[in-house]
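# Examining the three-dimensional arrangement
Here's the letter readout for the chains.
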Amino acid sequence: MPVPDVSIIIGAYNAMPYLTQCVTSVVEQSIGHDRMEIIAVDDGSTDGTGAELDRLAAEHPGLIRVVHQENSGGPSAPRNLALDQYARGRYVFFLDADDYLGTEALERLVKAAETNETDVVLGRMVGVGGRRAPSSMFGRNQPRTDVFASRVYWTLNPMKLFRRDLLERHGLRFPTEYKIGEDVYFTALAYLHASGISVVADYDCLYWVARADGGNITVTHHDTDMRIRSLDTMVDLLDEHVPPGPGRDHLLHRHLTVELRDAVLHIHHEPRREDQEKALTRLRDVLGRCYHPDLAARLPALARLRCHLVEHGMLDELLELVEFEMAQGSTSYGITVRERTAGTSAPGVLVEQGRVLARYPFFRDPERAVPDACYDITDEAKARHRVEAAVLTGSELRLTGHARLRRVPTTTEGLRTELVLRERGTGAEHRLPAERTPTPGLGADEDAGAYDYSRAGFAATVDLATAADGAALPDGLWDLHLAISVDGFTKEIRLGSRRTEAVPHRPATHLVATADGAAPVTLYSTKPHGNLTLDVGERKHEVAPLLGVGGAAWSTEDGILTVSGTCELAGLPEGTLRVRLTGTTGTTGTTGTTGTTGTTGTTGTTGTTGTTEEIVVPVPAPGGEPAAPLFPDGRFTVPVPLTRLPAGDWSVSLHLGAGPGRSWELPVPAEPKLPAVRWRRGLLPRYAKPVPRTESLTLRVDRVKPLKALLARLGR
């Protein structure tokens, strides 16, 4: 019998009706039945789970193996039994009977393991039924990482793909002495022994379900002692496998913000004061073995406050802190165990000397003497933003969106917002005020809606012709930032990585009118982060590739040459894109004149053998004004009247003029098959024809000489 790629192990206890969707999601995996096997262990269920497993196995013979056993009291024994006696796959995936998989999950996870030669693969998780799934480790695909260079350690459930050889080499099994926390121990050891870890973040692999009956085992089990023992075990595990230093502190960070918090919550639930005191003493001993100032500095302020109260045996204050947290809304392993109490106000903040302090319980209470470090949320005041519009029209760039600091209400006195233009190479910067605008309802789904972000909007208009202290913005790459400041504290946001669909990612190049002529400016998004930058002066985005000449042809109207071309610029000052005819006329030369008819202009200079003259015909943008895009299909045609040209040879080109040192010239290619044409100017016939053997189009314009034409015919 061929060895399957992956064994899916499902331990099930009273899992109806969720079990059916769970198993069905595995049966329907795109990886195919020939590459997988399903092992389901019924752990003494009493709700029909066993019968449902038998039914599903009968529907899919050879795919699903069902094992029935007496209840073991926890998920460890069923998983170990399946792993020891039945699983044959090269990889193992553990799936809880409440949860289910995305259709392509196993195919993608196995591919990641094979491609990257990694031992553990995490797939993006999605919360269902109000459950909040871990997300910090799923910001992007990570082909190969470890617990120290990523956030993978913040998800220690076992619903991941494990290489079977890893588990056997290190004898990894779930500890049966724990009813909770067994998955944390198993997964942590697998992470630490793995030669590499992959993260699949671009597909919803696992759907993590909150049961409507509240039956998720991690949430329902209330054994305080077991939770403290589990934390103690993890501290021992890290002592044994990770040397002291930043790496160990990085991992302990998770345990002191998740497992210790959960243990404190259950101390609060203990009905007897004596049991609470004993549990706190045990928890204090565990914390004392690992807690130190460098680790404390890594923790969020609320976790530092919690650890301080445990460390100093302050039981009454600890219980009050739990009440405070629960009033704000409490969750455990992604499941809400208590909604935010109606009417509960969020803790205020104090911004002082460049630091942000949260007014948590006992803040600057002289009797408790808790240090300010336990309230310092400066590093937690993360800047968040979204750009809703970024439009360059003429010389003005208009930016709108919203930006805020987490947990700092936008109604805070003295809060101000500035747009910062900073040149990437030199660090030169220009700051411009941004108007704050209303954002009703913003942040209602964050921190239980406890903070007021109703004035987080921003609107800023930058005139690039005057942005540099009244002068035009110089050449360079100008990165766009937003600075939010209050009482000496400032956070900068690099604008653009968060945006609406209305803000395009494609570069848009404009010519912007300035006092010195015009400057090429491209508004573009950086890669891979998608931040907004202004490229002034073609540092990265050249103008020439955006222009093209298609050719020339005669119009049906006498003496009109039609020139076609392409222009992919998004904006131009009026009259800067034009067809230019340059020629030498006459034999003695006369001073040139400026044309006054229509939009055609003529200039000239006197020479010894004739006069060099220039005639320009502007290319009209649709509607007569620049638009974005300037030419919707990128193409244009322009009629060029020749009827009033002086006699001479005229070269034809497409010219983009933008002031001193800012011009681009594209010759119109020669058209050997372009016939001669005639027209009358008054009573005199005139003609135009291509000059032969030239690389670019040159037209000879002259009056028709009847005698010369007659002699030419007779000479034939």
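Residues numbered from 1 in each chain as written. Predicted model: local features only at pLDDT ≥ 70, side-chain atom pairs only at ≥ 80, totals over all residues. Heavy atoms only, no water.

Attention now goes to the layout of surface pockets. Within this model, the second largest pocket holds a volume of roughly 630 Å³. Looking at the second largest pocket, it is lined by 28 residues, and the ones nearest its centre are Arg506, Pro507, Ala508, Thr509 and Ala570. The set of elements that each furnish at least two residues to the lining of the second largest pocket consists of strand 14 (383-393), strand 22 (508-514) and strand 23 (517-525). Partitioned by chemical class, the residues of the lining of the second largest pocket number 19 nonpolar, six polar and three charged. (1 Å grid on protein atoms, 1.4 Å probe; cavity = no way out; pocket = protein on both sides within 12 Å on 5 of 7 lines; lining within 4 Å. Points joined across faces, edges and corners; volume = space filled by probe spheres on them. Helix = DSSP H or I, 4+ residues; strand = E, 2+ residues; numbered from the N terminus. Nonpolar A, V, L, I, M, F, W, Y, C, P; charged D, E, K, R; others polar.)

On to the nonpolar core, then. The biggest cluster of nonpolar side chains holds 161 residues, and the ones touching the most others in it are Val6, Ile10, Leu95 and Tyr153. When residues in this core are grouped by element, the largest group, eight residues, is from strand 9 (residues 197-209). Beyond its immediate chain neighbours, meaning those up to four positions away, Tyr153 contacts Val147, Ala188, Tyr191, Met234, Leu238, Leu251, Arg254 and His255. Within the second largest apolar cluster, 39 residues are counted, among which are Val543, Ala621, Leu654 and Leu697. (Core = buried A, V, L, I, M, F, W, Y, C linked by side-chain atoms within 4.5 Å. Buried < 20%, exposed > 50% of the residue type's maximum accessible area, 1.4 Å probe, protein only. Contact = heavy atoms within 4.5 Å.)

This paragraph deals with the sheet that holds strand 30 (residues 635-641). Strand order in the open sheet made by the three strands is 25-26-30, with antiparallel pairing throughout. If you trace the sheet from one side to the other, it starts and ends with strand 25 (547-554) and strand 30, each paired once. Strand-to-strand twist across the sheet, computed as the mean angle between neighbouring axes with direction ignored, equals 25°. Here strand 25 pairs with strand 26 (residues 560-567) via seven bridges, running antiparallel. Counted as the bridge partner of Ala553 is Thr562 from strand 26. (Pairing = 2+ DSSP bridges. Axes fitted to C-alpha atoms, helices over the stretch in contact; angles between N-to-C directions.)

A word on the packing of aromatic side chains. Enumeration according to the criterion identifies twelve aromatic pairs in this entry. On the basis of an interplanar angle of 65° and a centroid distance of 5.1 Å, the ring pair of Phe363 and Tyr375 is categorised as edge-to-face. Remark: Tyr375 occurs in the loop between strand 13 (355-358) and strand 14 and Phe363 occurs in the loop between strand 13 and strand 14; sequence separation between them is twelve residues. Here the two residues Phe363 and Tyr375 agree in accessibility, since each one is buried. Residues Phe631 and Phe636 carry aromatic rings whose centres are separated by 5.5 Å and whose planes lie at 40° to one another, so their mutual orientation is tilted. (Phe/Tyr/Trp six-rings, centres within 6.5 Å; stacked < 30°, edge-to-face > 60°.)

Further remarks concern the side chain of Thr526. Positionally, Thr526 belongs in the loop between strand 23 and strand 24 (532-536). For Thr526, a relative accessible area of 16% translates into the label buried. In this view, Thr526 contacts Arg424, Arg494, Asn531 and Thr533; residues no more than four positions away in its chain are not counted.

The next subject is the sheet that holds strand 15 (residues 396-405). One open sheet holds the four strands; their spatial order is 14-15-19-18, and the pairing between them is antiparallel. At either end of the open sheet lies a strand with only one pairing partner, and these are strand 14 and strand 18 (435-437). Neighbour-to-neighbour, the strand axes of this sheet turn through a mean angle of 25°, independent of strand direction.

The next thing to look at is the packing of helix 8 (residues 224-241) against helix 11 (residues 273-288). Viewed as axis vectors pointing N to C, helix 8 and helix 11 meet at an angle of 10°, and their least axial separation amounts to 10 Å. Taken together, the axes of helix 8 and helix 11 are roughly parallel relative to one another. Contacts between helix 8 and helix 11 involve Thr224, Asp225, Ile228, Leu231, Asp232 and Val235 from the first element and Ala279, Arg282, Leu283 and Val286 from the second. Looking at the contact of helix 8 with helix 11 residue by residue, the class counts come to six nonpolar, one polar and three charged. (Parallel < 35°, antiparallel > 145°, perpendicular 65-115°, else oblique.)

Before going further, it helps to examine helix 10 (residues 259-269). Side chains three or four residues apart in an α-helix point the same way, a direct result of the helix having 3.6 residues per turn. When you tally the buried positions in helix 10, you get nine out of eleven residues, the bulk of the element. Within the span of helix 10, buried status applies to Glu259, Leu260, Asp262, Ala263, Val264, Leu265, His266, Ile267 and His268.

This structure, assessed with the given rule, holds 53 salt bridges. Residue Glu182 is joined to Arg79 by a salt bridge in which the shortest nitrogen-to-oxygen separation is 3.2 Å. With Glu182 in helix 6 (residues 182-193) and Arg79 in helix 3 (residues 76-85), this residue pair connects regions lying 103 residues apart in the sequence. Among the residues examined, Glu182 registers a relative accessible area of 4% and is labelled buried. When the shortest N-O distance is used, the salt bridge between Asp225 and Arg282 registers 3.3 Å. Taken together, the positions of Asp225 in helix 8 and Arg282 in helix 11 put the pair 57 residues apart, joining distant regions of the chain. Taking relative accessible area as the criterion, Asp225 reaches 30% and is therefore assigned partly exposed. For Arg282, a relative accessible area of 35% puts it in the partly exposed group. Ionic contacts of the salt-bridge type, sharing partners, join the residues Asp232, Asp236, Asp239, Arg248 and Arg289 into one network. (Salt bridge = Lys/Arg side-chain N within 4 Å of Asp/Glu carboxyl O.)

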